[in-house]
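So you can see what is in the structure, the chains are spelled out below.
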Amino acid sequence: AIAIAILALPSLAAPSSGSVPGPIIVVNTWPFVNATAKAWSVLTGTGQGNKDAVTAVVEGVSICENLQCDHTVGFGGSPDETGGVTLDALVMDGDTLDAGAAVALHSTRHAARAARLVMETTNHTMLAGKDADAFAASMGLPQSSLRTAWSESAWEDWKRADCQPNYRRNVSPDPRVSCGPYRPRGDTIRGSRSAATSPLGTYGRDNHDTIAMVARDATGSMAAATSTNGATHKVPGRLADSGVVGSGAYVDTEVGGCGATGDGDTMMRFVPCYQVVESMRRGMGPKEAAEEALSRIRSRHPTFQGALLALSKAGEVGAATNCMDFRYSVASGEHDGDVRVVEVPASVPCPQ
């Protein structure tokens, strides 16, 4: 069953430290309820395989990759300027703080599984590009084109609309009316450049719904994972915040975890999920920590669009959003594992 409500889970008494038995719970950005349900089935043993948090978040996120959630997760969505589709994913183990990221994947559809292989079979934290595809292939993950008829159509529509919107600035010809090719504008002076801004509507559910998932298993261990195909019509080579530890996600079993979604180019400069977890370590609740992290970004970029979702080690959930409608999905024992969709109201009106 799925219910929509404006609420948060009640706070539970937090254990002193480390991984200890407690409430089983999984949360993820956006109403990607099939992903939530899959992770819950892993955590409770109704699915196949292990019941650990790492497996739960990887398998949960993988469902979204397979279903091409909103065409912003998985293959066949969010084409770049050349029509190419690339994937970024991150997995983090809250017990060990090990992490693995596989980014700029060109032919690996199972991005989250590739990220887990980086974490568990190498001493590296991130592999990128076609070399990351080769690594994934060597580890047994199938390879195929990430383009589909849908992504090709979206790219053609964008070109017919004079390549609007796009992410270029300080270039010639004017990127607001031209598809390029571009070159640096001669009058660009770094000292006089204002902070980068994105027009309202650039990010949101129809453009950049990264799935970020955090889970706590029956032993108290926590894990986080993300997956995305990035911003629609991005400059080729652009990487999402989703693959950056501390930005797209962060988790420490002794404290809690966080996932992010929205304008990753702005958000990654503030490493917001690391800040959320460290704020919870200092005693803030998850909602307060998420609001505080967003407020720092908002102070420099008042109209940026983004949201943060946090889960404490005690099973308390909190979220905050800025200039973007945001909902998240949650499954816990409190509601017998039924997946609920929770709407998050903005605490501060978006400047006009």
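Because the structure is a prediction, the values reported are computed rather than measured.

Some remarks on the overall build of the protein chain
Tallying secondary structure elements over the protein chain gives eight helices and 15 strands in all. Within the protein chain, contacts between residues separated by at least 24 positions form 66% of all contacts whose residues are at least 6 apart in sequence. Total accessible area computed for the protein chain in this model is approximately 14,300 Å², and 52% of it derives from carbon and sulfur atoms.

A look at the sheet that holds strand β13 (residues 317–322)
Read from one edge to the other, the open sheet built from four strands follows the order β10-β11-β12-β13, with strand pairing classed as antiparallel. Of all the strands in the sheet, the pair left with one neighbour each is β10 (249–252) and β13. Across this sheet, the average inter-strand angle for adjacent strands is 10°, counted without regard to direction. Summarising the sheet, β10 and strand β11 (residues 256–262) pair through four bridges and their orientation is antiparallel. Paired with V251 across the bridge in β11 is G257. Helix-sheet contacts for helix α7 (residues 272–281) involve β10, β11 and β12 (306–312), and the interaxial angle to β11 is about 150°. Relative to the sheet, helix α8 (residues 286–300) contacts β12 and β13, its axis offset from that of β13 by approximately 20°.

Observations regarding the state of the cysteines
Under the counting rule described, the total for this entry stands at four disulfides. Each disulfide pairs two cysteine sulfurs, and for C258 the partner residue is C273, the sulfurs being separated by 2.3 Å. Its S-S torsion of about -60° marks the bond between C258 and C273 as left-handed, since a negative value means left-handed. In this pair, C258 is assigned in strand β11 and C273 in helix α7, connecting sequence segments 15 residues apart. For the pair C258 and C273, a shared accessibility class is recorded, and that class is buried.

Quick word on the pattern of salt bridges
Taken as a whole and judged by the stated rule, the model has twelve salt bridges. Taking the shortest distance from any N to any O, the salt bridge between R113 and E59 comes out at 2.9 Å. Note that R113 is positioned in helix α3 (residues 111–121) and E59 in helix α2 (residues 53–67), a separation of 54 residues in sequence. Judged by its relative accessible area of 28%, R113 is partly exposed. Its salt-bridge partner being D174, residue R176 comes within 3.0 Å of it at the nearest N-O pair. Under the relative-accessibility criterion, R176 is labelled exposed at 65%. The network of salt bridges with shared partners includes D252, E278 and R281.

Definitions and limits used
- Residues numbered from 1 in each chain as written.
- Predicted model: local features only at pLDDT ≥ 70, side-chain atom pairs only at ≥ 80, totals over all residues.
- Heavy atoms only, no water.
- Helix = DSSP H or I, 4+ residues; strand = E, 2+ residues; numbered from the N terminus.
- Contact = heavy atoms within 4.5 Å.
- Areas by Shrake-Rupley, 256 points an atom, 1.4 Å probe, with all protein chains shown as cover.
- Pairing = 2+ DSSP bridges.
- Axes fitted to C-alpha atoms, helices over the stretch in contact; angles between N-to-C directions.
- Disulfide = S-S within 2.5 Å.
- Buried < 20%, exposed > 50% of the residue type's maximum accessible area, 1.4 Å probe, protein only.
- Salt bridge = Lys/Arg side-chain N within 4 Å of Asp/Glu carboxyl O.

No statement about biological role is implied by the geometric values presented.
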